[in-house]
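# Residue-level structure breakdown
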Amino acid sequence: MSVDYNFVSAINPRGVERNGSISGLEQNPYAVLAVAGARVYHTKLNSKEKDKDSNSQWIYSRWKGTLTFGRDIETPNTAALDITETERHWFRLADDETGRTVWMFKFPENFQYSVDRPFFHVFQGRTRRYGFLFNDDDEASVFGQKVMDRLYTGRGSPSLIAQRPT
């Protein structure tokens, strides 16, 4: 599986690339909050949700595998870094065949997550919107609920914003 380097951006001090492939996550202690099988889709950032054809604008990234919702655990080494509670959360996609991380998204400040459909969840990155197409509706429901619980309860940062489906 090849990585599309259009999604890779600068590496932060911990060695993790934001919105791209990963290096260094395994060196940092972290907690796994939810896991599900999924595929990653993306669309232009300026796509309007109300556009009738917005569903046809989603592009499959060719990244699929095991999706993990996790949180970095603060250690004495990372405590000195200027990392907010929000930015400690992330999504990681690992290839099912190799177990290798092929894509990662670090939560920005003011992160928003939306359950567009029971099997398709959406969030915004810096340069595009992303969507997860889950392999199983039940896994999607549990995954989405874990993200929503984290965003709505006091366990996350107040700057995390979740949107429930209408």
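First, a word on scope: everything that follows refers to the structure included in this document. For every chain, the first residue of its written sequence is number 1, and the numbers climb from 1 along that sequence. For a predicted model such as this one, the threshold for reporting local features is a pLDDT of at least 70, and the threshold for listing and counting side-chain atom pairs is 80 or more; totals across whole chains, interfaces and linings nevertheless cover every residue. Side-chain calculation: all heavy atoms of the structure are included, whereas hydrogens and water are not.

## So, the packing of aromatic side chains
Where we set the bar: Aromatic rings from Phe, Tyr and Trp, with only the six-membered ring used for Trp, were paired whenever their centres fell within 6.5 Å, and each pair was classed as stacked if the ring planes differed by under 30 degrees, edge-to-face if by over 60, and tilted otherwise. A helix here means a DSSP run of H or I that spans at least four residues, while a strand means a run of E at least two residues long, and both kinds are numbered starting from the N terminus. In this scheme, a residue with accessible area under 20% of its type's maximum is buried, one over 50% is exposed, and one in between is partly exposed, where area comes from a 1.4 Å probe on protein chains only.
Per the counting criterion, the structure on display carries 29 aromatic pairs. Ring geometry for Tyr-113 against Phe-123: centres 6.3 Å apart, planes inclined by 20°, an arrangement best described as stacked. Within this pair, whereas Tyr-113 is found in strand 5 (residues 112–117), its partner Phe-123 is found in strand 6 (residues 120–124), the two being separated by ten residues in sequence. In this structure, Tyr-113 and Phe-123 share a single accessibility class: buried.

## Section: the side chain of His-121
Heads up, the condition is: Any pair of residues with heavy atoms lying within 4.5 Å of one another is described as a contacting pair.
Here His-121 is to be found in strand 6. Setting aside chain neighbours within four positions, we find His-121 in contact with Tyr-113, Ser-114, Val-115, Asp-116, Tyr-130, Gly-131, Phe-132, Phe-134, Ala-140 and Gly-144.

## A few points about the pattern of salt bridges
Note the following rule: What makes a salt bridge here is a side-chain nitrogen of Lys or Arg within 4 Å of a carboxyl oxygen of Asp or Glu, nothing more.
If you walk through the whole model with that rule in mind, you get two salt bridges. Residue Lys-106 is joined to Asp-72 by a salt bridge in which the shortest nitrogen-to-oxygen separation is 2.8 Å. Of the two residues, Lys-106 sits in strand 4 (residues 101–106) while Asp-72 sits in strand 2 (residues 59–72), which places them 34 residues apart along the sequence. Residue classification places Lys-106 among the buried residues on the basis of a relative accessible area of 3%. The shortest N-O distance in the salt bridge between Arg-117 and Asp-116 comes to 2.9 Å. On the basis of relative accessibility, which here comes to 31%, the residue Arg-117 falls in the partly exposed class.

## Brief notes about the nonpolar core
Note that soluble globular proteins tend to have their nonpolar side chains buried in a common cluster. As a reminder, the rule being used: Residue types Ala, Val, Leu, Ile, Met, Phe, Trp, Tyr and Cys, when buried and joined through side-chain atoms within 4.5 Å, form a set referred to as a nonpolar core.
Among the nonpolar cores identified, the biggest contains 25 residues, and Phe-91, Trp-103, Tyr-113, Phe-123, Phe-132, Phe-134 and Phe-143 are the most heavily contacted of them. With five residues, the single largest contributor to this core is helix 2 (residues 137–152).

## Section: the pairing of strand 1 (residues 30–44)
The test is simple: For two strands to count as paired, DSSP must find a minimum of two bridges between them.
With twelve bridges connecting them, strand 1 and strand 2 associate as antiparallel partners. Opposite Gly-37, over in strand 2, you have Thr-66 as the bridge partner. Bridge analysis of strand 1 against strand 7 (residues 128–134) gives seven bridges, and the strand direction is antiparallel. Within the sheet, the bridge partner assigned to Ala-38 lies in strand 7 and is Phe-134.

## So, a negative patch on the surface
Put simply, the rule reads: The patches described consist of residues with a relative accessible area above 30% and no salt bridge, like charges being joined within 9 Å and nonpolar side chains (Val, Leu, Ile, Met, Phe, Trp, Tyr) within 5 Å. Reported accessibility uses the Shrake-Rupley method at a 1.4 Å probe radius. Residues are deemed covered only where the shown protein chains occlude them. In summary, the charge assignment counts Lys and Arg as positive and Asp and Glu as negative, without counting His or the chain termini. A charged residue contributes its charge at one atom only: NZ of Lys, CZ of Arg, CG of Asp or CD of Glu.
A contiguous patch of negative charge on the surface is contributed by Asp-136, Asp-137, Asp-138 and Glu-139. Inspection of the secondary structure puts Asp-136 in the loop between strand 7 and helix 2.

## Some points on unusual backbone geometry
Excluding glycine, most residues fall at negative phi; most peptide bonds, likewise, are trans. Of note, Arg-62 is a non-glycine position whose phi angle comes to about 75°, a positive value. With respect to the secondary-structure elements, Arg-62 resides in strand 2. Judged by its relative accessible area of 62%, Arg-62 falls in the exposed class. The backbone phi angle of Asn-110 is positive, close to 65°, even though this residue is not glycine. Residue placement: Asn-110 occurs in the loop between strand 4 and strand 5.

## Thoughts on the environment of Thr-86
In this structure, Thr-86 sits in the loop between helix 1 (76–79) and strand 3 (89–94). Residues Thr-86 and Phe-107, spaced 21 residues apart in sequence, show a C-alpha to C-alpha distance of 6.3 Å.

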